[in-house]
Amino acid sequence: MTAVLKVTGLHVTFDTAAGVVHANNGVSLEAHEGESLGIMGESGCGKTVLCLSLLHLQHPGRIVKGSILLDGRDITRLGETEMERLRGRVITLVPQNQATALNPAYTVRQQLEEALKVRRHGGALHRLARNRHGSEQVSDVQEFKRVFEDLGFESGPVFDRLLRSYPHQLSGGMRQRVLIAMALLMRPRLLIADEPTTALDRAIKAQSLATLQRVRGALTLLVISHDVEAISATCDRVAVMYGGRVIESGPCDKVLSHPRHPYSRLLLAAQRRTRGQPLVAAAAETLNLIDFPEGCAFHPVCPEVTPMCATLAPPESKIDGTMVACHLYHEEAG
Ligand SMILES: Nc1ncnc2c1ncn2[C@@H]1O[C@H](COP(=O)(O)OP(=O)(O)OP(=O)(O)O)[C@@H](O)[C@H]1O
Ligand SMILES: [Mg+2]
């Protein structure tokens, strides 16, 4: 079966005054039809750069190596015109910062209409928004209602008020629902939610997770998060990133309950620590993405480091239906 998304050995760099920042260092992952894949890792490990790169929006970063296949088609080096056709309609990103992702000058209804226009006529959201004077007004409130009902929001006077609202009048959770509704209206092959629960309080976070759970299975989903709770609530499989690379991946029930890579173990222990237990620093902040270490990126702080780790980047080994890139493990025979 062809994967909806297959990323192989993706390297993305930023040229800065201080030197070249290696934000993605050989990311490989696959997401299959209808699957929900979580991408987990601490701040700075390259999650957002990865999802922006899938849309060629990583500017000023450069994709220097590797490939991105969408339904088997190589989109790594597509030009801007072709990428514009894919953005929104084929791959839709619900960005990390939902507060600024909606257009402050348009009502919710107008923004939903723009999403329908993109699906029906193509083009990019921002471009349509600029050219809307005198253009065709597509109104399909019935479809908006259906999508919001799918997301667990009943139609009625509250819904009518929502359609008339401007983004600043909405809560963070509601803005995010609007963004996900816009994404669903475009019926993409792949929906990416970057940090869907960041900056939301507990009640709204639960709402946001419930929204994603409703979407789960209906389309292929990438959920980017540093939060194990968000990943386990919404994903079938998880890929753990460290230093711009996937260091462990597999079904959520296996990886989250029995992480193998020393970094995954520290990360999960840090997140699941209970009162009275010391905080285990997972050490992502100590990694220098400019003067990138040789061998395994985690070796300078790994509690289980071996001499080989300092010189040789660990290959991906398949073990019990999971992948782990660590010299402590060796691929199972057969
Ligand atoms: N425009 C840029 N110029 C230089 N470095 C950048 C730029 N954008 C991102 N980076 C660097 O790339 C690395 C990965 O950043 P990225 O935003 O992907 O992290 P992240 O995993 O999404 O973190 P977070 O959880 O905080 O959102 C970081 O070290 C970041 O500083
Ligand atoms: Mg990010």
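Residues numbered from 1 in each chain as written. Chains lettered and ligands numbered in written order. Predicted model: local features only at pLDDT ≥ 70, side-chain atom pairs only at ≥ 80, totals over all residues. Heavy atoms only, no water.

Take the overall build of the protein chain next. When you go through the protein chain residue by residue, the secondary structure sums to 12 helices and 12 strands. Burial status across the protein chain gives 53% buried among its 334 residues. Put simply, of all contacts in the protein chain between residues at least 6 apart along the chain, 64% involve residues at least 24 apart. A total of about 15,400 Å² of accessible surface is found on the protein chain, and carbon and sulfur atoms cover 53% of it. (Helix = DSSP H or I, 4+ residues; strand = E, 2+ residues; numbered from the N terminus. Buried < 20%, exposed > 50% of the residue type's maximum accessible area, 1.4 Å probe, protein only. Contact = heavy atoms within 4.5 Å. Areas by Shrake-Rupley, 256 points an atom, 1.4 Å probe, with all protein chains shown as cover.)

In spatial order, the strands read β6-β7-β8-β3-β9-β10-β12-β11; together these eight strands make up an open sheet with mixed pairing. Lying at the two open borders of the sheet, with one neighbouring strand each, are β6 (91–94) and β11 (317–319). Averaged over all adjacent pairs, the angle separating strand axes in this sheet is 20°, with direction ignored. Note: strand β9 (residues 237–242) against strand β10 (residues 245–251), six bridges, orientation antiparallel. Within β10, the position partnered with Met241 by the bridge is Val246. Against the sheet, helix α12 (residues 262–272) engages β3 (36–40), β9 and β10, with an angle of about 105° to β9. (Pairing = 2+ DSSP bridges. Axes fitted to C-alpha atoms, helices over the stretch in contact; angles between N-to-C directions.)

Another aspect to go through is unusual backbone geometry. The peptide bond linking His59 to Pro60 adopts the cis configuration, its omega dihedral lying at 5°. Here Pro60 shows up in the loop between α1 (47–54) and β4 (62–70).

A few words on the nonpolar core. General note: in soluble globular proteins, nonpolar side chains tend to be found buried as a group. In terms of nonpolar packing, the biggest core is built from 91 residues, with Leu5, Leu29, Leu112, Phe148, Leu162 and Leu222 touching the most fellow members. Ranked by the residues each element gives to this core, the list is headed by helix α8 (residues 172–185), at nine residues. Mapping this core onto the domain boundaries places at least three of its residues in each of domain 1 (91–187) and domain 2 (262–324). Leaving out residues up to four positions away in the same chain, Leu112 has contacts with Phe144, Phe148, Leu163, Val178, Ala181, Met182 and Leu185. (Core = buried A, V, L, I, M, F, W, Y, C linked by side-chain atoms within 4.5 Å. Domains from an automatic or database assignment.)

Counted under the stated rule, the structure contains zero disulfides. No disulfide involves Cys296; its sulfur sits 6.2 Å from the nearest other cysteine sulfur, which is in Cys309. (Disulfide = S-S within 2.5 Å.)

The predicted model of the protein chain averages 87 in pLDDT, with 90% of residues at 70 or higher. Within the protein chain, no element has a lower average pLDDT than helix α5 (residues 125–130), which sits at 44, and none a higher one than β10, at 98. Note on residues 126–138: pLDDT under 50 across the span, and 22 contacts to partners over four residues away in sequence or across chains. The low-confidence segment residues 275–280, where pLDDT is below 50, has four contacts with residues more than four positions distant or belonging to other chains. (pLDDT = per-residue confidence, 0-100.)

This part is about the site of ligand 1. Ligand 1 sits among 16 residues. The nearest are Ser43, Gly44, Lys47, Thr48 and Val49. Within the side chain of Ser43, a nitrogen or oxygen atom sits 2.5 Å from an oxygen atom of ligand 1. In the environment of ligand 1, an oxygen atom lies 3.3 Å from a nitrogen or oxygen atom belonging to the backbone of Cys45. Burial of ligand 1 by the protein amounts to 68% of the accessible area it has alone, namely 640 Å². Mapped onto the shell around ligand 1, the elements with two or more residues apiece are β1 (5–16), β2 (19–31) and α1. Ranked by the residues each element gives to the shell around ligand 1, the list is headed by α1, at three residues. Along the lines of polarity and charge, the residues of the shell around ligand 1 split into seven nonpolar, six polar and three charged. (Near = heavy atom within 4 Å. Polar contact = N/O pair within 3.5 Å; in protein donor to acceptor, adjacent residues only side chain to side chain. Nonpolar A, V, L, I, M, F, W, Y, C, P; charged D, E, K, R; others polar.)

For the rest of this paragraph, the subject is the sheet that holds β1. Consider a sheet: its strands pair through backbone hydrogen bonds, and that pairing is either parallel or antiparallel. If you trace the four strands from one edge of the open sheet to the other, you get β2-β1-β4-β5, paired in antiparallel fashion. Sheet topology places β2 and β5 (73–74) at the edges, where each strand pairs with a single neighbour. Across 10 bridges, β1 lies against β2 in antiparallel orientation. Across the sheet, residue Lys6 finds its bridge partner in β2, namely Glu30. Against the sheet, α1 contacts β1, β2 and β4, and its axis sits at roughly 110° relative to β1.

Turning next to the packing of aromatic side chains. If you walk through the whole model with that rule in mind, you get six aromatic pairs. When the ring of Phe153 is compared with that of Phe159, the centres are 6.3 Å apart and the planes differ by 55°; the resulting orientation is tilted. Taking the relative accessible area as the measure of exposure, Phe159 reaches 0% and is therefore buried. Judged by centre distance (5.0 Å) and plane angle (75°), the rings of Tyr242 and Phe298 are edge-to-face. Pair noted here: Tyr242 is in strand β9 and Phe298 is in the loop between α12 and β11, with a separation of 56 residues, a long-range link. Of the two residues, Tyr242 and Phe298, both sit in the buried class. Taken together, the ring pairs in this structure connect Phe148, Phe153 and Phe159 into an aromatic cluster. (Phe/Tyr/Trp six-rings, centres within 6.5 Å; stacked < 30°, edge-to-face > 60°.)

Attention now goes to the pattern of salt bridges. Inspection of every chain in the model, using the stated rule, returns 21 salt bridges. The partner of Arg189 in a salt bridge is Glu33, and the shortest N-O contact between them spans 2.9 Å. One end of the pair, Arg189, is in the loop between α8 and β7 (190–194); the other, Glu33, is in the loop between β2 and β3, with 156 residues separating them in the sequence. Judged by its relative accessible area of 28%, Arg189 is partly exposed. A single network of salt bridges, built from pairs that share partners, joins Arg119, Arg120, Asp140, Glu143, Arg146, Asp150 and Arg187. (Salt bridge = Lys/Arg side-chain N within 4 Å of Asp/Glu carboxyl O.)

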